[in-house]
Amino acid sequence: AAPCDIYASGNTPCIAAHSTTRALYSAYTGALYQVKRGSDNTTINVAPKSAGGVANAAAQDTFCSGTTCLITIVYDQSGRENHLTQAPPGGFNGPESNGYDNLAGAIGAPVTLNGQKAYGVFISPGTGYRNNKVSGSATGDAAEGMYAVLDGTHYNGACCFDYGNAETNNLDTGDGHMEAIYYGDNTVWGSGAGSGPWIMADLENGLFSGLGATQNTGDPSITYRFVTAVIKGGPGNWAIRGGNGASGALSTYYSGARPSGSGYNPMHKEGAIILGIGGDNSNGAQGTFYEGVMTTGYPTDATENSVQADIVAAKYATTSLVSGPTYTVGGSVSFKATTAGYTDRYLAHTGATVNTQVVSSSSSTALKQAASWTIHTGLGNSGCYSFESKDTAGSYIRHYNFGLQVAANDGSKAFKEDATFCPQSGLTGSGSSLRAWGYPTRWVRHYANNGYIASNGGVHDFDAAASFNNDATWATSTGLA
Ligand code: AHR
Ligand code: AHR
Ligand code: AHR
């Protein structure tokens, strides 16, 4: 039995089931998610390879070959059509036109399930999904349960990487108007033991790690690569549970009374569903979602324990984050532009600014060094790479406000992530294209001879669709100096 079959036999059926990796009912054969490609803005649905099975990632790979792809819809498998789509503006605007949030890149979170490739939803800051017209979700003080399988290594401290029940108008309408899984190391409201990240409950105007509104040391820091996160709430009581999504059982981190603050007992749930954002469309957070459901009724621990056993049996595992030309750690590399008219230029830097400059065999050693990079294991993810300046030891290519800079490694998590790039087979069909680890929709691109991480057809001038594939494809060679 699959997760929603298990919840149904526990008399707490799923009212929404979302996953880009697999069917959450053993009989489900319908669409899991929709992707849209940049080359012609057409879409396809990706379905399981067999009833109850793993997503047909190969269909996505074929459709997206030689272009970029976004996840436009995460379908609801429950039959209630509670699909998740691009989140609209609310208390906070998103980065897209008209204040919408970004959509997730389709290749940011590759994994395998029982050896078969699938893709999760990699939420970068600014990205979010929502449904404000949900059929069957808990409202008011009614009971519900939810779980999500997440990447325990992908998080930050911004508000709020959530999956669950939220406001129907995208605004903060007060305490108790949400009940969602939160994952990250935000300490503005509550926190758990250690330095995080933690599973907490976003109940609106507060991330709760237990009974009290601040720290509850019963809620542990999580170190698993795959995390099963569980929140459930009913009249007068609620719980946080969690575990390793790849092995073992769930633990209960909190189970008991509602917070004492007014508004939280009874609750005022509104019944929308959010993914990757806070209730008011706060969109600074990051995280990765593989699968999750919302139920009606308060699931028993036994039901959730069976769901966890099924998640473990799905055998989530990591897989390669890169493709195309090989990068050898300790070696050096230069990146030559492939756009017609610019092929005498290399990715280089002038002080802190990353640009392209004309370099030839007769150029000075200084210029050749400015266009040469030492290859390191990715500072922010060991499956990808970081590029240290040949002439400025200890400084690396990083993005900042989507511009590329050469900057000293300050040791921060943000620096390391911003300095990590995951090379893919070149978008033009040869060479190498470098996607930013933390922004899978964004690729190292030259525009007006400066370096950016650009999204194909996005809102900035440097995101221009014209010439995108060429500007974002580099011919690699051993470093010029
Ligand atoms: O409860 C934490 C956050 O506070 C909510 O997600 C958001 O709506 C508000 O800003
Ligand atoms: O480049 C995008 C973001 O801009 C970086 O991740 C962040 O460090 C900066 O605010
Ligand atoms: O970076 C040089 C050119 O500037 C790019 O090829 C083009 O997209 C932009 O106009």
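This one's a predicted model, so the numbers in the text were calculated from it and none came from an experiment.

A.B. asks: Before we move on, could you go through the overall build of the protein and cite the residues and values that matter?
C.D. replies: Along the protein, the regular secondary structure elements total six helices and 32 strands. Relative to a compact globule of 481 residues, whose C-alpha radius of gyration would be 23 Å, the protein shows 23 Å and is just as compact. Counting across all 481 residues of the protein, residues that qualify as buried make up 57%. Taking as baseline every contact in the protein between residues at least 6 positions apart, the subset at least 24 positions apart corresponds to 66%. Counting only carbon and sulfur atoms, one obtains 49% of the accessible surface of the protein, whose full area is about 16,200 Å². Seen as two clouds, the 24 positive and the 34 negative side-chain charges of the protein have centres 9 Å apart.

A.B. asks: Please set out the state of the cysteines residue by residue, giving values where relevant.
C.D. replies: Taken as a whole and assessed by the stated rule, the structure comprises four disulfides. Between the sulfur of Cys 384 and that of Cys 422 lies a disulfide, 2.1 Å long from S to S. Between Cys 384 and Cys 422, the S-S torsion sits near 95°, and that sign places the bridge as right-handed. You can see Cys 384 sitting in the loop between strand 24 (373-377) and strand 25 (385-389) and its partner Cys 422 sitting in strand 28 (residues 421-425), a full 38 residues away along the chain. The two residues Cys 384 and Cys 422 agree in class, both being buried. Counting only the cysteines that take part in disulfides, in the order they occur along the protein, gives the pairing 1-2, 3-4, 5-6, 7-8.

A.B. asks: Could you give me a rundown of the site of ligand 3, with the residues and numbers involved?
C.D. replies: In the region of ligand 3, the neighbouring residues are Thr 339, Tyr 342, Arg 445, His 446, Tyr 447, Ala 448, Asn 449, Ser 467 and Asp 471. Tyr 447 places a polar main-chain atom, nitrogen or oxygen, 3.4 Å from an oxygen atom of ligand 3. Here an oxygen atom of ligand 3 sits 2.9 Å away from a polar atom, N or O, in the main chain of Asn 449. Relative to its unbound accessible surface of 280 Å², ligand 3 loses 81% to contact with the protein. With three residues, strand 30 (residues 439-447) is the single largest residue contributor to the shell around ligand 3. In the shell around ligand 3, the residues fall into three nonpolar, four polar and two charged.

A.B. asks: Now, about the site of ligand 1: what can you tell me, with residues and values included?
C.D. replies: Around ligand 1, a shell composed of 13 residues is seen, among which Asp 202, Glu 204, Asn 205, Gly 206 and Asp 280 lie nearest. Asn 205 is positioned with one of its backbone polar atoms (N or O) 2.9 Å from an oxygen atom of ligand 1. A distance of 2.6 Å is found between an oxygen atom of ligand 1 and a side-chain nitrogen or oxygen belonging to Asp 280. Considered on its own, ligand 1 offers 290 Å² of accessible surface; in the complex 94% of this is hidden by protein. Residues that form the shell around ligand 1 fall into these classes: four nonpolar, five polar and four charged.

A.B. asks: Give a detailed account of the pattern of salt bridges, specifying residues and quantitative values.
C.D. replies: Inspection of every chain in the model, using the stated rule, returns 16 salt bridges. Put simply, Glu 291 and Arg 22 hold a salt bridge, and the shortest N to O gap is 2.7 Å. Within this pair, whereas Glu 291 is found in strand 19 (residues 287-295), its partner Arg 22 is found in the loop between strand 1 (14-19) and strand 2 (33-37), the two being separated by 269 residues in sequence. With a shortest N-O distance of 3.1 Å, Arg 442 and Asp 463 are connected by a salt bridge. You can see Arg 442 sitting in strand 30 and its partner Asp 463 sitting in the loop between strand 31 (450-455) and helix 6 (468-471), a full 21 residues away along the chain.

A.B. asks: Please provide a residue-by-residue account of the pairing of strand 27 (residues 403-408), values included.
C.D. replies: Pairing of strand 26 (residues 395-400) with strand 27, which is carried by six bridges, proceeds in the antiparallel orientation. Counterpart to Ser 395 in the pairing with strand 27 is Ala 408. In sequence, strand 26 turns back onto strand 27 through a hairpin of two residues, with Asn 401 there showing a positive phi of about 50°.

A.B. asks: Help me get a handle on unusual backbone geometry, residues and values and all.
C.D. replies: With an omega dihedral of -20°, the bond running from Cys 159 to Cys 160 counts as a cis peptide bond. Positionally, Cys 160 belongs in the loop between strand 10 (144-151) and strand 11 (162-166). In this structure, Asn 11 is a non-glycine residue whose phi angle is positive, near 60°. Inspection of the secondary structure assignment puts Asn 11 in the loop between helix 1 (3-9) and strand 1.

A.B. asks: Which residues make up the pairing of strand 30, and what values do they have?
C.D. replies: Most of strand 30 sits out of view: eight of its nine residues are buried. Strand direction decides the pairing type here: strand 29 (residues 432-436) and strand 30, joined by two bridges, are antiparallel. Across the sheet, residue Ala 436 finds its bridge partner in strand 30, namely Tyr 439. The pairing of strand 30 with strand 31 spans six bridges and is classified as antiparallel. Opposite Tyr 447, over in strand 31, you have Asn 450 as the bridge partner. Counted between consecutive antiparallel strands, the loop separating strand 30 from strand 31 contains two residues, among which Ala 448 sits at a positive phi close to 50°.

Definitions and limits used
- Residues take numbers from 1 onward in each chain, read along the sequence in its written order.
- Working convention: letters from A go to chains and numbers from 1 go to ligands, in the order in which they are written.
- In view of the model being predicted, local features appear only for residues whose pLDDT reaches at least 70, and side-chain atom pairs are presented and counted only at 80 or more, with totals across whole chains, interfaces and linings using the full set of residues.
- Only hydrogens and water are set aside; all other atoms, that is, all heavy atoms of the structure, feed into the side-chain values.
- Secondary structure elements are taken from DSSP: a helix is a run of H or I of four residues or more, a strand is a run of E of two residues or more, and numbering for both begins at the N terminus.
- Atoms counted for the radius of gyration: C-alpha only. Globule rule: 2.2 Å times the number of residues to the power 0.38.
- Accessible area is worked out with a 1.4 Å probe on protein chains only. A residue is then buried under 20% of its type maximum, exposed over 50%, and partly exposed in between.
- Only heavy atoms matter for contacts: two residues are in contact if any of them lie within 4.5 Å across the pair.
- Surface accessibility in these figures is a Shrake-Rupley result with a 1.4 Å probe; residues are shielded only by whichever protein chains are displayed.
- Here the positive residues are Lys and Arg and the negative ones are Asp and Glu; neither His nor the chain ends is included.
- Charge positions come from single atoms, namely NZ of Lys, CZ of Arg, CG of Asp or CD of Glu.
- Cysteine sulfur atoms are paired as a disulfide whenever they come within 2.5 Å of each other.
- In this text, near means that some heavy atom of the residue lies within 4 Å of the molecule or strand in question.
- Within 3.5 Å is the distance limit for a polar contact, defined as a pair of N or O atoms, with the added protein rule that one can donate a hydrogen and the other accept it, and that residues adjacent in sequence qualify only through two side-chain atoms.
- Basically, the charged four are Asp, Glu, Lys and Arg, the nonpolar ten are Ala, Val, Leu, Ile, Met, Phe, Trp, Tyr, Cys and Pro, and anything else, Gly included, counts as polar.
- What counts as a salt bridge is simple: a side-chain nitrogen of Lys or Arg found within 4 Å of a carboxyl oxygen of Asp or Glu.
- A strand pair is defined by DSSP finding two or more bridges across the two strands.

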